[in-house]
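Given next are the chains, with one letter for each unit.
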Amino acid sequence: MQQKERKQFPNGFLWGASSSAFQIEGGWQEGNKGMTVADFNSFKRSDKQADSKVASDFYHHWEEDIELMKELGLKAYRFSISWARIIPDGDGEVNEEGLAFYHKVINRLIERGITPLVTLYHFDLPYALVEKYNGWESRECVDAFERYAKICFKEFGDKVKYWMVHNEQNLMIRVNERMNIYETDDYLADKMRAQMDYHMFLAHARAVLACHKMVVDGKVGPAISSTCTYPLTNKPEDVWSAKMNDWFKTNYCLDMYYHGEYPGYYMRYLKERDIVPHMEEGDKDILKSAKMDFIGVNYYRTLCSSYLPADEKHPMGSRVYRGNEVDFDQYGYCRDEKNENLQASEYGAQIDPMGLRIVLNEYYQRYHLPMIIAENGLGMADTLTEDERVHDEYRIAYLKEHIKVCQLVIEDGVELFGYCPWSVIDLLSSHQGFKKRYGFVYVNRDDHDVKDLRRIKKDSFYWYQNVIKTNGEQLEQLETER
Ligand code: BG6
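Here we summarise the structure given alongside this text. (Residues numbered from 1 in each chain as written. Predicted model: local features only at pLDDT ≥ 70, side-chain atom pairs only at ≥ 80, totals over all residues. Heavy atoms only, no water.)

Some words on the overall build of the chain
What counts, and what does not: Runs of H or I in DSSP of at least four residues are treated as helices and runs of E of at least two as strands, each being numbered from the N terminus. Between buried and exposed lies partly exposed: a residue is buried under 20% and exposed over 50% of the maximum accessible area for its type, with that area taken using a 1.4 Å probe on protein chains only. Note on contacts: a residue pair is in contact if any heavy atoms of the two residues lie within 4.5 Å. Residues counted as positive are Lys and Arg, residues counted as negative are Asp and Glu, and His and the chain ends are not counted. In this description, the location of a charge corresponds to atom NZ of lysine, CZ of arginine, CG of aspartate or CD of glutamate.
Of the regular secondary structure elements, the chain holds 16 helices and 15 strands. Taking all 482 residues of the chain together, the buried fraction comes to 61%. If you take every contact in the chain between residues at least 6 apart in sequence, the share linking residues at least 24 apart comes to 76%. Taking the 61 positively charged and 78 negatively charged side chains of the chain as two groups, their mean positions are separated by 2 Å.

Have a look at this one:
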């Protein structure tokens, strides 16, 4: 029998890894950096878990960390610039020390043959913008973001060609504390959220236009949190609810980036809920003319849903969060359910490589744009053995299955140009401290003691090194890695 020919990863495929500023840098006040919303939120939990003050201390370990990236064989490194390091109060004076820090990092990456992929905004709005304007609720914030983006394009645009504007706008907008929404009335909170979301779309569009104007050969796009939802049963209402869950949590956002207008079902929701945001003349042209070049896809898990009818107490479109802060139930549409067919990680993520195949195919068929996996990984409470090893075979198993899917989607005809697992080294979880780890490199600290922050390569480091070396051909763990 003839052996089936497998499509290989293309030459130049960007094998990478990811991080974000507030989760990796530390040095939260050093070099004149201003406080951010992410700092503020992490400090609220300081008594129970690590905060962003030191994080992984990349601010002081950047040289050592880039050497580790080189040793790992990374072709690309996705990281974010902290807006408040560049402009401490968000829209005032530019901080030369902040610019110098990122110049050093970017130059070193390039010297080591690692392509920088830069995100402009990863959950860390300068806190001063909240104090001045309530952040994204105001158009002033859109102007401030455009100015910040232009400063980055001007400074780094000759060296950085791949730009991601907002990280997970579609997820961030659902989490009140990330948006700094403290309104207790659900309706007013949703109204504020809708206005903030709209302003972020406008900011995204203005940044895309500026990038195309200012960065020669620049490629720009979003990094979205992907959603793949299965219906709890094959009842038509449940099937509809699963679609709605995807559309409300991710697809409306991609459509807005791509078409520059809300899809019909979303406009209907905004109208029914009476929260249509204020839009100004000229916005439409900006939104419609800003064309993204690629889509960054963050993928961790899949969801499941059933139909949830609206009732007298719960108006159509109103939302309630159960269990965690990102997966809402929406009356008249969908209710979040557990998928009994999937295993969940110790932190509750329903692990599902097949879902990655579904979302990548779906997005490619809808938009025909190249895609890069900007995040994918498994958060676990890794332990260090006495002989200084971290046997994270569960992470290897997770990543291996997802890389196999990448190969399959390339065979499916999807233009996938890179894979950047989360995260390059251990870093602060977005809201669960330091115990939950994702990295290829163990950082020796815990939630309450920063210890010596020593870097220790995990088994997954050696495994991924070999994956990269063989361009994805060799996915099995070698004996020597155990
Ligand atoms: C993504 C974020 O949603 O998930 C990252 O872009 C985050 O910032 C990652 O760290 C993993 O989530 P968590 O909550 O485990 O850190």
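A short note on the site of the ligand
Convention followed: To be near a molecule or strand, a residue needs just one of its heavy atoms within 4 Å of it. We define a polar contact as two N or O atoms separated by no more than 3.5 Å, with the added condition that, inside protein, one atom must be a possible hydrogen donor and the other a possible acceptor, whereas residues neighbouring each other in sequence contribute only through side-chain atom pairs. Accessible surface area values rest on a Shrake-Rupley calculation with a 1.4 Å probe, where residue burial reflects the displayed protein chains alone. Gly is put with the polar residues, along with every residue not named as nonpolar or charged; the nonpolar set is Ala, Val, Leu, Ile, Met, Phe, Trp, Tyr, Cys and Pro, and the charged set is Asp, Glu, Lys and Arg.
If you check the shell around the ligand, you find 14 residues, and the closest are Gln23, Glu168, Ser430, Lys436 and Tyr438. At 2.8 Å, a side-chain N or O of His122 approaches an oxygen atom of the ligand. In this structure, an oxygen atom belonging to the ligand sits 2.6 Å away from a side-chain N or O atom of Glu168. Within the complex, 92% of the 380 Å² of free accessible area of the ligand lies under protein. Residue composition of the shell around the ligand, by class: four nonpolar, seven polar and three charged.

Considerations on the environment of Lys313
Positionally, Lys313 belongs in the loop between strand S8 (303–307) and strand S9 (319–321). Lys313 sits 159 residues away from Gly472 along the chain, and the two C-alpha atoms are 53 Å apart.

A word on the nonpolar core
This is how the line gets drawn: Within this scheme, the nonpolar core is defined by two criteria: the residues are buried Ala, Val, Leu, Ile, Met, Phe, Trp, Tyr or Cys, and they are joined through side-chain atoms within 4.5 Å.
Within the largest apolar cluster, 141 residues are counted, with the highest numbers of intra-cluster contacts made by Trp83, Trp136, Phe145, Trp163 and Tyr464. Aside from chain neighbours lying at most four places away, what touches Trp163 is Val118, Leu120, Cys152, Phe153, Phe156, Gly157, Cys211, Val215, Lys219, Val220, Gly221 and Phe294. Membership of the second largest hydrophobic core comes to 10 residues, among which are Ala223, Ile372, Phe417 and Cys420.

Things to note about the environment of Glu155
Looking at the secondary structure, you find Glu155 in helix H7 (residues 139–156). When near neighbours in sequence (up to four residues on either side) are disregarded, Glu155 contacts Leu99 and His103. Within the local environment of Glu155, its side chain forms a polar contact with the side chain of His103, the two groups lying 2.6 Å apart.

A word on helix H12 (residues 264–272)
Formally: Note that the arc is defined by the directions from the helix axis to the C-beta atoms.
Regarding H12, the residues found buried are Tyr265, Tyr266, Tyr269 and Leu270. Within H12, the buried residues cover an arc of 140 degrees as seen down the axis, which keeps them to one side. Opposite the buried face of H12, by more than 90 degrees, sit the exposed residues Gly264 and Lys271. In the core, the buried residues of H12 are packed alongside helix H10 (186–214), helix H11 (236–259), S9 and strand S10 (328–330). Asp274 sits one or two residues past H12 and shows a positive phi near 60 degrees.

Side note on the pairing of strand S4 (residues 162–167)
Filter applied, for reference: For two strands to be treated as a pair, DSSP must find no fewer than two bridges joining them.
The buried fraction of S4 amounts to five of the six residues, a majority that puts the element mostly inside the structure. Across four bridges, the pairing between strand S3 (residues 115–121) and S4 is parallel. The residue of S4 that forms the bridge with Leu117 is Tyr162. Direction of pairing for S4 relative to strand S5 (residues 219–225): parallel, over a ladder of four bridges. Within the sheet, the bridge partner assigned to Met164 lies in S5 and is Gly221.

Looking at the pattern of salt bridges
Note on pairing: side chains with opposite charge can pair once their charged atoms come close. Heads up, the rule is: Salt bridge, as used here: a side-chain nitrogen of Lys or Arg that lies within 4 Å of a carboxyl oxygen of Asp or Glu.
Using the criterion set out here, one finds 39 salt bridges in the structure. With a closest N to O distance of 2.7 Å, Arg206 and Glu146 form a salt bridge. Placement of the pair is Arg206 in helix H10 and Glu146 in helix H7, with a sequence separation of 60 residues. With respect to burial, Arg206 and Glu146 carry one shared label: buried. One continuous salt-bridge network, built from bridges that share partners, spans Asp382, Asp392, Arg395, Asp426, Arg437 and Lys458.

Re the packing of H11 against helix H14 (residues 353–367)
So the rule is basically this: Each axis is a line fitted through C-alpha atoms, and for a helix only the stretch in contact is used; angles between axes span 0 to 180 degrees, taken between their N-to-C directions. Angular relationships are summarised with four words: roughly parallel below 35 degrees, roughly antiparallel beyond 145, roughly perpendicular across 65 to 115, and oblique for the angles in between. In this scheme, a crossing is called left-handed if the near helix is turned counterclockwise away from the far one by less than a right angle; it is called right-handed if the turn is clockwise.
The geometry of H11 relative to H14 is characterised by a closest axis approach of 12 Å and an angle of 30 degrees between their N-to-C directions. Between H11 and H14, the angle is such that the two are roughly parallel. Here H11 runs over H14; the crossing is right-handed. Residues Thr250, Asn251, Leu254, Asp255 and Tyr258 of H11 pack against Glu362, Tyr363, Arg366 and Tyr367 of H14. Broken down by class, the residue content of the contact of H11 with H14 amounts to four nonpolar, two polar and three charged.

What to know about the sheet that holds strand S2 (residues 76–80)
Ordered by their spatial adjacency, eight strands build a closed barrel running S1-S2-S3-S4-S5-S7-S12-S13, and the pairing between neighbours is parallel. Strand-to-strand twist of the sheet, defined as the mean angle between neighbouring strand axes without regard to direction, takes the value 30 degrees. Note: S5 against strand S7 (residues 295–298), three bridges, orientation parallel. If you follow Ala223 over to S7, its bridge partner there is Gly296. Sheet strands touched by H14: S5, S7, strand S12 (371–375) and strand S13 (416–419). Its angle to S12, the strand with the most contacts, is close to 135 degrees.

Brief notes about the packing of aromatic side chains
Our working rule: Note on aromatic pairs: the rings of Phe, Tyr and Trp (six-membered ring only in Trp) are paired at centre separations within 6.5 Å, and the planes decide the class, stacked below 30 degrees, edge-to-face beyond 60, tilted for the rest. Ring-over charges, as used throughout, are those where CZ of Arg or NZ of Lys falls within 6 Å of the ring centre and within 35 degrees of the ring normal.
According to the stated counting rule, one finds 42 aromatic pairs in the structure shown. Of the aromatic side chains, those joined through ring pairs into one cluster are Phe201, Trp240, Trp247, Phe248, Tyr252, Tyr257, Tyr262, Tyr265, Tyr266, Tyr269 and Tyr333. In this structure, Arg85 packs its charged tip against the face of Phe101, placed 5.6 Å from the ring centre. Over the face of the ring belonging to Phe328 we find Lys249, whose NZ or CZ atom lies 4.7 Å from the ring centre.

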